[in-house]
Amino acid sequence: MQNIRLQKQLVAAIFAAVIAVFAQFTIPLPIVPLTLQTFIVGLTATILGRKVGSLAVIIYLVLGAIGLPVYAGGSAGVGALFGPSGGYLWGFVLCAFLIGAIIQMNPKSFVTVLIANIIGFATTLIVGSIWLKFATGMPLNQALIAGCVNFLLPDMIKAICSAGIGFLVCQRLPQRFLKLVQN
């Protein structure tokens, strides 16, 4: 039992490091940058499931909170978690949990995996936009345009990619590994 928990934690830590690497692929935009974080969070949750996938995201957030430059553009610190784009970081945890939970209902269906990723990504955008409203003081409609509408197309493309790649990877991974991380 202890060995299984340690294995899950190690896998989560490895994926947290992968999230940190993909976060550095950034297109700077005003207020909120366009990054590959959402893509890799979706892929992580698709492969690891709700518990280990969410743990990977939490480890990633903790690494940044303690000062390691793992957030988009090499940012770090508690200030980043509570700044204008902090809601997206927090939303990643909910995103990973939702993706994993939805996929768990029917993991053999690509349609389920795709819907799970779209819902997870949309949730991140909504949480991030609401946070953006409070962090900047802008009206909700402006926050939704700046933090959600502007990212809908790129994030839906990333959702489709993370669902497709994640689905293919899961079909090729040993069942023993999938049972370890997805249960």
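Shown above is the structure to which this text applies.
Let me begin by describing the structure that accompanies this report. Note that this is a predicted model, so its numbers are computed, not measured. (Residues numbered from 1 in each chain as written. Predicted model: local features only at pLDDT ≥ 70, side-chain atom pairs only at ≥ 80, totals over all residues. Heavy atoms only, no water.)

**A word on the overall build of the protein chain**
Let me state the cut-off plainly: Put simply, DSSP H or I for four residues or longer makes a helix, DSSP E for two residues or longer makes a strand, and each gets a number counted from the N terminus. We compute the radius of gyration from the C-alpha atoms alone; for a globule the expected value is 2.2 Å times N to the 0.38, where N is the number of residues. Two residues qualify as a contact provided that any one of their heavy atoms is within 4.5 Å of a heavy atom in the partner residue. Methods summary: accessible areas were calculated by the Shrake-Rupley approach with a probe of 1.4 Å, and residue burial reflects only the protein chains presented.
Helix and strand counts for the protein chain stand at eight helices and two strands. Overall, the protein chain shows an N-to-C arrangement of helices and strands of α-β-β-α-α-α-α-α-α-α. In terms of overall size, the protein chain behaves like a compact globule, its C-alpha atoms giving a radius of gyration of 16 Å where 183 residues would be expected to give roughly 16 Å. Its C-alpha atoms give the protein chain principal-axis dimensions of roughly 50 × 35 × 25 Å. Within the protein chain, contacts between residues separated by at least 24 positions form 69% of all contacts whose residues are at least 6 apart in sequence. Total accessible area on the protein chain stands at roughly 9,000 Å², and carbon and sulfur atoms take up 75% of it.

**Let's talk about a nonpolar patch on the surface**
Basically, it comes down to this: Distance thresholds for patches are 9 Å for like charges and 5 Å for nonpolar side chains (Val, Leu, Ile, Met, Phe, Trp, Tyr), applied to residues having over 30% relative accessible area and no salt bridge. Think of a salt bridge as a Lys or Arg side-chain nitrogen and an Asp or Glu carboxyl oxygen that are within 4 Å of each other.
Residues Ile-126, Ile-130, Phe-134, Leu-140 and Leu-144 make up a contiguous nonpolar surface patch of roughly 460 Å² in combined accessible area. For the nonpolar patch, the secondary-structure elements that each account for two or more residues are helix 5 (110-136) and helix 6 (140-147).

**Here we look at the layout of surface pockets**
Our working rule: Both cavities and pockets are sets of points on a 1 Å grid over the protein atoms alone; in a cavity a 1.4 Å probe fits but cannot get out, in a pocket the set is open with protein on both sides within 12 Å along at least five of seven lines, and lining residues sit with an atom within 4 Å of a point. Grid points are joined across faces, edges and corners, and a volume is the space filled by probe spheres set on the points. Lys, Arg, Asp and Glu make up the charged group, whereas Ala, Val, Leu, Ile, Met, Phe, Trp, Tyr, Cys and Pro make up the nonpolar group; the residues left over, Gly among them, are polar.
In this model, the largest pocket occupies a volume close to 410 Å³. Lining the largest pocket are 19 residues; nearest its centre among them are Ile-103, Pro-107, Lys-108, Leu-178 and Gln-182. Only helix 2 (37-65), helix 4 (86-105), helix 7 (152-172) and helix 8 (175-182) provide two or more residues apiece to the lining of the largest pocket. When the residues that make up the lining of the largest pocket are grouped by side-chain class, the tally is seven nonpolar, nine polar and three charged.

**Comments concerning the packing of helix 4 against helix 5**
Condition: Lines are fitted to the C-alpha atoms to define the axes, a helix being fitted only along its stretch in contact, and any angle between axes, read from their N-to-C directions, falls within 0 to 180 degrees. For classification, angles of less than 35 degrees are called roughly parallel, those exceeding 145 degrees roughly antiparallel, those between 65 and 115 degrees roughly perpendicular, and all remaining angles oblique. By convention, the crossing between two helices is left-handed when the near helix turns anticlockwise from the far helix through less than a right angle, and right-handed when the turn is clockwise.
Contact geometry for helix 4 and helix 5: axes closest at 8 Å, N-to-C directions at 155 degrees. In terms of their interaxial angle, helix 4 and helix 5 are classed as roughly antiparallel. Read as a crossing pair, helix 4 and helix 5 show a hand that is right-handed. The residue makeup of the contact of helix 4 with helix 5, split by class, is 17 nonpolar, ten polar and no charged.

**Concerning the packing of aromatic side chains**
So the rule is basically this: Each Phe, Tyr or Trp ring (for Trp, its six-membered ring) is paired with any other whose centre lies within 6.5 Å, and the angle between the two planes then decides the class: stacked below 30 degrees, edge-to-face above 60, tilted in between. Partly exposed residues are those whose accessible area sits between 20% and 50% of the maximum for their type, while under 20% is buried and over 50% is exposed, using a 1.4 Å probe and protein chains only.
In total, this model carries six aromatic pairs according to the counting rule given. Judged by centre distance (6.0 Å) and plane angle (40 degrees), the rings of Phe-22 and Phe-39 are tilted. Of this pair, Phe-22 sits in helix 1 (residues 2-22) while Phe-39 sits in helix 2; the two residues are 17 residues apart in sequence, bridging distant segments of the chain. Accessibility expressed as a relative area gives 25% for Phe-22, which makes it partly exposed. Note on Phe-39: relative accessible area 10%, which makes it buried. Between Phe-82 and Trp-131, the aromatic rings sit 6.0 Å apart at their centres with planes inclined by 35 degrees, giving tilted as the arrangement.

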